[in-house]
Amino acid sequence: MDLGVRWKLHGDGRTPAPGAVVRPDERLSWPRTAGLGAQHVVAMFGASFVAPVLMGLDPNLAIMMSGVATVVFLLATRGRVPSYLGCSLSFVGVAAVIRAQGGSSATVTGAVFVVGAALFLVGLAVRRFGARIIHAAMPPIVTGAVVMLIGFNLAPVTASTYWPQDQWTALLVMLFTGLAVVCLRGFWSRIAIFLGLVFGYGVSWVFDLVFGKIHSVDASGKLTDHWRLDLSGVGQADWIGLPTLHGPSFEWSAILVALPVVIALVAENAGHVKAVGEMTGDPLDDKLGTAIAADGVGSMLSTAVGGPPNTTYSENIGVMAATRVYSTAAYWAAAGFALLFGLCPKFGAVVAAIPGGVLGGITVILYGMIGLLGAQIWINAGVDLRNPLNLVPAAAGIIIGVGNVSLKITDTFSLSGIALGTLVVITGYHALRAFAPPHLKTQQPLLDEGTSSYDEAKS
């Protein structure tokens, strides 16, 4: 059985020839491949470490399980889809809602485990029936609206939790990160979030030296005098050790909050598979279902031991585009480095010490970017918001999601925020479509022409 773990040496093993690319089944010399793997780990550092911290989960376990999930993904796709799986930011809002309802880390990972299982089943269905089932259930207006409400639902988290801890550091970090994203080029622009974290650490350290302790709310929400950068936990942490593991706990209220993220992950995976196929020149339509299912399995494995969910990372796709090296050998090397980092508690303690003000500046950009990805889905698909069939369910669902509107069903069960907003968008669209006049029913595919051959092959 071909597992995609054999690579031909590309050229002299040093650099691609002018205009050439290193294909997934090729590699450069092993030292250069290891260097590229380390570069991929750095590229995903920023977002993939911020996410578990924001979710209240162990960053060491997050990085270790991202390596495991990447290996599972590469084996499942037989080495044809070069991608790194890191902690998904789409779940940050879900974790915040679950914790606000009194849920523990086990409750968060239990809810996300179910999402991973659902994603796995969606992947199997796409393998069997083709992408048409995604088109039918989740047209672009639905997908874009759900992604948008998931991102914008996070705004109160930044405004009430992180920004107030140190508003001036947050402002400086926001400005620096924005400049890094826009003004830097190539690889450096891909690690802008990581650079923002480093800058924020430096600013917090300098402010502590110059101004002393700050009088503001701390991470627990208590108004007190505290250091912006507290590295006491770093000195106490061991150099080598296993991350903290725990099992999931399943509660229906938490599961219902988390399930809408499946829609965002399906759209995200489809976009990434299409992008990688275009860059490598190898149509990957037949691997779409496998990629979605593998993503689900990776998330299930991670959350089963207390880690965060994982998904394919656009930062790493950007690194491939910049280097023209699409070798899956580099991703195997990246997975190896991630496993080593995950076994260093001192490294995790550094990540866990990220000052609240730094998170405030970064999340302003990150959360907004998540929300605006929904608008990008609409733009790419040419969604017409002048059509009331599109406008009405999207408008209602987004306001419910962003405003955290609640619907009390019984004394012990209610729907609110992300879950209720998603339900309104999906059911509202399909219900209105059933009664709408013919001239409003203009079909628009979710995944553009990239999946047409896949659909035809399944016909």
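Preceding this paragraph is the structure being described.
Residues numbered from 1 in each chain as written. Predicted model: local features only at pLDDT ≥ 70, side-chain atom pairs only at ≥ 80, totals over all residues. Heavy atoms only, no water.

**Q** Lay out the packing of aromatic side chains in plain terms, naming residues and giving numbers.
**A** Considering all chains together, one arrives at four aromatic pairs under this definition. Aromatic pair phenylalanine 113 and phenylalanine 250: ring centres 5.9 Å apart, planes at 70 degrees, arrangement edge-to-face. Of this pair, phenylalanine 113 sits in helix α4 (residues 105–129) while phenylalanine 250 sits in the loop between α11 (232–236) and α12 (252–258), and the two are 137 residues apart along the sequence. Lying across the ring of tryptophan 239, lysine 346 places its NZ or CZ 5.1 Å from the centre. (Phe/Tyr/Trp six-rings, centres within 6.5 Å; stacked < 30°, edge-to-face > 60°. Helix = DSSP H or I, 4+ residues; strand = E, 2+ residues; numbered from the N terminus. Lys NZ or Arg CZ within 6 Å of the ring centre and 35° of its normal.)

**Q** Can you tell me about the nonpolar core, naming the residues and giving the values?
**A** Core analysis: the largest hydrophobic core is formed by 95 residues, its most contacted members being Met55, Val92, Tyr367 and Trp378. Ranked by residue count, the leading element in this core is helix α13 (residues 261–280), at ten residues. When sequence neighbours within four positions are dropped, the list of residues in contact with tyrosine 367 reads Leu54, Val92, Gly151, Leu154, Val157, Thr158 and Tyr162. By size, the runner-up hydrophobic cluster in this structure holds five residues, among which are Leu28, Leu36, Val325 and Ala330. (Core = buried A, V, L, I, M, F, W, Y, C linked by side-chain atoms within 4.5 Å. Buried < 20%, exposed > 50% of the residue type's maximum accessible area, 1.4 Å probe, protein only. Contact = heavy atoms within 4.5 Å.)

**Q** How would you explain the pattern of salt bridges if you had to name every residue and give the values?
**A** Going through the model one piece at a time under the given rule, you end up with five salt bridges. The salt bridge involving aspartate 25 is made with lysine 8; its shortest N-O contact spans 3.9 Å. Taken together, the residues span a long stretch of sequence, with aspartate 25 in the loop between β1 (8–9) and β2 (26–27) and lysine 8 in strand β1 at a distance of 17 residues. In this structure, the salt-bridge partner of aspartate 286 is arginine 80, at a minimum N-O distance of 2.9 Å. With a gap of 206 residues between them, aspartate 286 in the loop between α13 and α14 (288–304) and arginine 80 in the loop between α2 (59–76) and β3 (85–87) connect regions that are remote in the sequence. (Salt bridge = Lys/Arg side-chain N within 4 Å of Asp/Glu carboxyl O.)

**Q** Go over the packing of helix α19 (residues 388–403) against helix α20 (residues 417–435), please, and point to the residues and values.
**A** The contact between α19 and α20 brings their axes to 7 Å, and the two run at 165 degrees. Taken as axis vectors, α19 and α20 run roughly antiparallel relative to one another. As for the relative orientation of α19 and α20, their crossing is right-handed in sense. The segment α19 lies against α20, with Leu389, Asn390, Val392, Pro393, Ala396, Gly397, Ile400 and Gly401 engaging Gly417, Ile418, Leu420, Gly421, Val424, Val425, Gly428, Tyr429, Leu432 and Arg433. A breakdown of the residues in the contact of α19 with α20 according to their chemical character gives eleven nonpolar, six polar and one charged. (Axes fitted to C-alpha atoms, helices over the stretch in contact; angles between N-to-C directions. Parallel < 35°, antiparallel > 145°, perpendicular 65-115°, else oblique. Left-handed = near helix turned anticlockwise from the far one by under 90°. Nonpolar A, V, L, I, M, F, W, Y, C, P; charged D, E, K, R; others polar.)

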